[in-house]
Each structure stands twice: as C-alpha cells, then as structure tokens.
Amino acid sequence: MSSRRPVPVVVWLQTVKHFRSDRALAVARANSRCLSTRHDRLAPHDDRRSTGSVAASSCDYRYPLPSPSPSVDFGDDRIAVRGKKTSEILRSWFVYKLFTSDFVVDNSLKLFSLAKRLMGKRLRDRLVKATVFGHFIGGESEEDMVSCAKKLASNNISSAWNYSVESDSSAVVKTEQEMREKENMFNRHNQHYLKSFELSAKHNNAGNKTRFAAIKLTAIVDTLLLRKLNSMVTASNQVFHSLSSSPTTEDPLGRAVSLELLKEKFPTVFKDTYRTSKSKTLNVVEWTGNLSLAENASRYAEILKGQGDNLATLSDLELEQLNGFVHRLRDMGECACSEGVRVLVDAEQTYYQEAINHMAVHHLARRYNTGPAPVFYNTLQTYLRKSYDDLRIHLASTSHYGVKSGIKIVGDKTNCIIIILCT
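Anyway, here's the lowdown on the structure attached to this text. Remember, predicted model here, so these are calculated numbers, not experimental data. (Residues numbered from 1 in each chain as written. Predicted model: local features only at pLDDT ≥ 70, side-chain atom pairs only at ≥ 80, totals over all residues. Heavy atoms only, no water.)

1. Side note on helix 6 (residues 121-130)
For step 1, the next point in the chain: Of all the positions in helix 6, only R124, D125 and V128 are classed as buried. Looking straight down helix 6, one finds its buried side chains confined to an arc of 100 degrees; they lie on one side. Turned more than 90 degrees away from the buried face of helix 6 sit R122 and R126, all of them exposed. (Buried < 20%, exposed > 50% of the residue type's maximum accessible area, 1.4 Å probe, protein only. Helix = DSSP H or I, 4+ residues; strand = E, 2+ residues; numbered from the N terminus. Arc of directions from axis to C-beta.)

2. Things to note about the nonpolar core
For step 1, the next point in the chain: F197, L217, L262, F266, F270, W287 and I303 are the most contacted members of the largest nonpolar core, which totals 60 residues.
For step 2, the next point in the chain: The element that contributes the greatest number of residues to this core is helix 10 (residues 223-243), accounting for nine residues.
For step 3, the next point in the chain: F197 has contacts with A213, I215, M332, C335, A336, E339, V341 and V343, leaving out every residue within four places of it along the chain.
For step 4, the next point in the chain: The next biggest cluster of nonpolar side chains, apart from the first, holds nine residues, and it includes V95, F112, F133 and F136. (Core = buried A, V, L, I, M, F, W, Y, C linked by side-chain atoms within 4.5 Å. Contact = heavy atoms within 4.5 Å.)

3. Section: the pattern of salt bridges
For step 1, the next point in the chain: Enumeration over the complete set of coordinates arrives at 14 salt bridges.
For step 2, the next point in the chain: R124 is paired through a salt bridge with D125; the nearest N and O atoms lie 3.5 Å apart. Across the pair, D125 and R124 agree in class, each one buried.
For step 3, the next point in the chain: In this structure, the salt-bridge partner of K386 is E354, at a minimum N-O distance of 3.0 Å. (Salt bridge = Lys/Arg side-chain N within 4 Å of Asp/Glu carboxyl O.)

This is the structure:
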C-alpha cells in the first residue's frame, strides 16, 4: 500500500441485493462521487445536551480521526485513474458521454424497454452490468463490496457505503396484517443499513478514519405515511406564516409569532415554552422544535384543526407505523455512533422532502450530533429556489439545539459533485 497520506476523496459504494435491470439506469443517474472538505479531529464526547423536549442521546465515536489531510490537486488526473485498468477508464468515458445526452437521460426507461425487445432480457442485462451498472455500483453482495473497498483503499481512496433501496409505493395499508408485512420489510432494509455501517467501519482501510454511509428514509417507512407527514409539516409552517408578525418578509428567520397569540389559539401545544421562555415571541425554529414528529406528533391535531381531520390526525395504524419508523432511526443513530460512521441522509422526491428535512434536523441531528463532529448530515439541493432559506434554517436549528451541523450539498445533473460541510 502506498505510503502517501490519504486524499480526502470518498467514492460511493452502492450495493443492490438483487440486480434489477429495469432500475439500473435510474441507479446510474445517482451521484457517484463526493468530496469531503473537512475532517474534524474527534475528542471525547462533551456533556452538551440539546434544548427543548427531546433528550439528546450520548454519542461517542468509537475511533479518533486523524489530522486533516493535505489539500488535493484535482487537476492531477493521476488521482482519478490510479489503480484503474485501461478498460475501466474507457468504460468511464463511455458512461460519461452517454449521460451527457439529455435524450438518453430523459428517455432511459423507454430505451431500456426497447433494448429488451431488440436484444432479449439476458443479453441486455449483461450489457448493462458490463457498462453502466459496473461503473456506478460497488457490488451485489458483501463480498463484492469488500473487494471494491479494498481496491479503493490500496489507492488511498476511502469509501462511502450505500445500500441502494427506496420505495415510492401508492398502495394503502388497510389492515394490521398488511402493516405487519410492510414493517417486516422495512426492518429488513434497516438491518442492511446497519450492516453497511459496520462494513464501512471495518473495511475503510485507506488510512482516513472518516467513515461515511448513506441512507434513504423511504426505504424504512411507508411512503404514504411519509407523504402525510410531509403535508403536516408544510401545513404547520403555513399556519406559522399566517400568524407571524411579519408575514410579508422574505426572510424566514425574520418572522415571529407572539406568545400571547399562541396562548389564545393553542393553549396546550406550547405550554412548556409559555412557562420557560424569556422572550415574548416564537421564531420558526422554536415553532418546529415544539412540533417534533418523532416526539410530539399529536400536537399537530390542535395546530391543524379545521384543515381536515385526515390531515390533522394520525390513525392508530399510522401512529404504529410512525413509532416503528422512529425506532428504526434510533437504531441507526446508536449503530452509527457505536461504529464511528457519519451518515448522509439522501434527498428524495419533493413530496417527501419537508418531512425528511424535519426528521434529519429536528430528530436525528438534534439527538445524535451532540459530540464534537456531526453524525447525521442532511442534504440540500442547490438547484431549488428555497435551498438558501433551508440552509439558514438548518444552521439556525442546530445552533438552537446546541449540536453540530452536518450538511451534504448537491448540484443538478450538470454538477454531480457533493460537498460535505461540518460546522
């Protein structure tokens, strides 16, 4: 192994338990590399606790981190191709040229179906595995992934482990039996994520002790429930906006609601704040902190009263699903802390994203980013107009809770670089 110090480059390793050719192009469009801009040295866990009703979880990293690596000259092509065969370099060039075509990207599924009719399923699958799938995916099994990670490590490249699974189901859960079957599936997915954390800790042998893994929340929760939670968060934000003293301001942190007005409208929801707050107003961060979906989902019934019973309340089945979701998140948090792994929470469809942001910041970061370096990183999509406001609210929220902020910033399809920020 080279004696050179590891460069701060993290390459995605994605694993697919069973290869499905009809999803390979969709997987291939995912970001394939991320750059870590900072490696914080970890010290023993301090005793800071987040404020509010959620008790912070003690999170001690298992391994210390090294001093920051020297800066990398990304104009040096040798870094990108070190350890690659000529055939792999040619394949990379082919895949890059393929996905610079808007026609190919926009019609990928249609082209897949056409290839099946012209070539047959077996030949098409072999072609995809040899090109697109082989370029982006680290392996289909633990053995494949470990082999890929070791190969990267031999060239001083660290790896980020990503069990690639997600859901976008429209099937309504009507019975307890159906819910149990789905919950069992989500639990299996969660076990794969926990295994990926352990593998990241065990096989990240590039000399760089910063370990990364990635998760998708749609893999561990019913997506119809997630969509409803998204609607609840969005509607509650609209209520805050309508009650704020400056509803016309474009600055989300410049809005505030009078506590006297809140006492009149919602006498029980913010009762702890009424008793302890030294301020006469409540800002958007404090508002959201009192409406944690993981801890206080029942408070939405009063906040959203009159906006439809279906939106304002969760059924018994939905509450049980939400509890299972929260338990799986906490299993992830405990495992990530135990293994010393930093977890990137992927962004997903817009009709889930507000709920994902809420859980990533107001539950996971609030509970587990209590040490000297963040454990959970939320994703900000810079191609969205609201991304700047989301960034400011994210930083204000973690500052309010007294925890570290971890942010993954992604660009659009013309800029797939991912920047990891820690504050």
